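# Descriptive structure summary
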Amino acid sequence: IQMTQSPSSVSASVGDRVAITCRASQDISRWLAWYQQKPGKAPKLLISAASSLQSGVPSRFSGSGSGTDFTLTISSLQPEDFATYYCQQAKSFPLTFGGGTKVEIK
Amino acid sequence: QLQLQESGPGLLKPSETLSLTCTVSGGSISSSSDYWGWFRQPPGKGLEWIVSVYYSGSTYYNPSLKSRVTISVDSSKSQFSLKLSSVTAADTAVYYCARPGGQRANYGGLYYWGQGILVTVSS
């Protein structure tokens, strides 16, 4: 299953609303996870089952979608949110990731 | 809280075999119905899944790496290990071990990660 993420990068300011999309090449129902990765660190799970926020993750992060189209939204970008975000399908092996979206400071 | 930590050589020559170990603490490697997996990330690039193993023994491989990958579990040491044979410069990457968990763990989100280990292949 191929995962296509867009955009590959986005420049935004603190307080902006940012949306990242992920498209699966076939129906994955809600088997979709979102990760945040900062330089030199392991990925951090933000959302699983397409829209379930992990404990401790700020509520400005939200996920939506099912089937083949998914979105990660950051409602009001904070300085600590500048990072790279990845989607991943967990429906079946081989597990696959999107190419990543780098959120940069404008 | 489950913790994972990778260990192994950081520098290899082409054609050698990469051997990494992931040590699990804070929980049992044999009690989970989830898989234990290896992932990698070449410098400046995205994440790639390598292999996953369930304690039952069921194993799933990335088709592009399957012929070179071996995974094993040693429950007495709470470790699982990765071997990747015939490495080339293209195998230079940060290697992570990871496992699903957290909220809605049954949906497979990878909640537990090691800190990663950089493996460089160079002559």
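We now turn to the structure provided with this report. Remember, predicted model here, so these are calculated numbers, not experimental data.

### A short note on the interface of chain B and chain A
If you look at the interface, chain B gives 25 residues, while chain A gives 22 residues. Both faces considered, chain B and chain A share a buried interface measuring about 1,900 Å² in area, 68% of it formed by carbon and sulfur atoms. For the chain B face of the interface with chain A, the top three residues by lost area are Leu47, Gln103 and Tyr107 of chain B, together amounting to 33%. On inspection of chain B and its partner chain A, the count reaches zero salt bridges. Taken together, the connections running from chain B to chain A amount to eight residue pairs in polar contact (both at pLDDT 80 or more).

### A closer look at the pattern of salt bridges
Residues and elements named next belong to chain B. Within this structure, the stated rule accounts for eight salt bridges over all chains. Among the ionic pairs, Arg40 bridges to Glu48, the shortest N-O distance being 2.7 Å. Accessibility expressed as a relative area gives 6% for Arg40, which makes it buried. Glu48 gets classed as partly exposed once you look at its relative accessible area, which sits at 23%.

### Some details on the layout of surface pockets
Its volume calculated, the largest pocket comes out at about 490 Å³. Considering the residues around the largest pocket, the lining is formed by 26 residues, among which Gln37, Thr84 and Tyr86 of chain A together with Gln41 and Lys45 of chain B are closest to the centre. Elements with a minimum of two residues in the lining of the largest pocket: strand S9 (84-89) and strand S11 (101-105) of chain A together with strand S9 (93-100) of chain B. No other element matches the four residues that S11 of chain A contributes to the lining of the largest pocket. Among the residues making up the lining of the largest pocket, the classes are represented as ten nonpolar, eleven polar and five charged. Along its surface, the second largest pocket is lined by Ala42 of chain A together with Gln1, Leu2, Gln3, Leu4, Gln5, Tyr111, Tyr112, Trp113, Gly114 and Gln115 of chain B.

What counts and how
One numbering rule holds for all chains: residues counted from 1, following each sequence as written. Ligands are numbered from 1 and chains lettered from A, in the order in which they are written. Side-chain atom pairs in this predicted model are given and counted only at pLDDT of 80 or more, local residue features only at pLDDT of at least 70, and totals for whole chains, interfaces and linings cover all residues. Working from all heavy atoms in the structure, the side-chain values ignore hydrogens and water. Whether two residues are in contact is decided by their heavy atoms, any of which lying within 4.5 Å being enough. When two parts are brought into contact, each loses some accessible area as probed by a 1.4 Å sphere; the total of that loss over both is the buried area. A pair is scored as a salt bridge if a Lys or Arg side-chain nitrogen falls within 4 Å of a carboxyl oxygen belonging to Asp or Glu. N or O atoms within 3.5 Å of each other form a polar contact, as long as, within protein, one can give a hydrogen and the other can take it, and as long as residues adjacent in sequence are counted only when both atoms are side-chain atoms. Between buried and exposed lies partly exposed: a residue is buried under 20% and exposed over 50% of the maximum accessible area for its type, with that area taken using a 1.4 Å probe on protein chains only. Grid points spaced at 1 Å and placed over the protein atoms alone form the basis of the search, with a cavity being a set where a 1.4 Å probe fits but cannot get out and a pocket an open set showing protein on both sides within 12 Å along at least five of seven lines. Lining residues have an atom within 4 Å of a point. Grid points are joined across faces, edges and corners, and a volume is the space filled by probe spheres set on the points. In this text, helices come from DSSP runs of H or I with a minimum length of four residues, and strands from runs of E with a minimum of two, each type numbered from the N-terminal end. Charged residues are taken to be Asp, Glu, Lys and Arg, nonpolar residues to be Ala, Val, Leu, Ile, Met, Phe, Trp, Tyr, Cys and Pro, and polar residues to be all remaining types, Gly included.

Any functional reading would require information beyond the geometric quantities listed.
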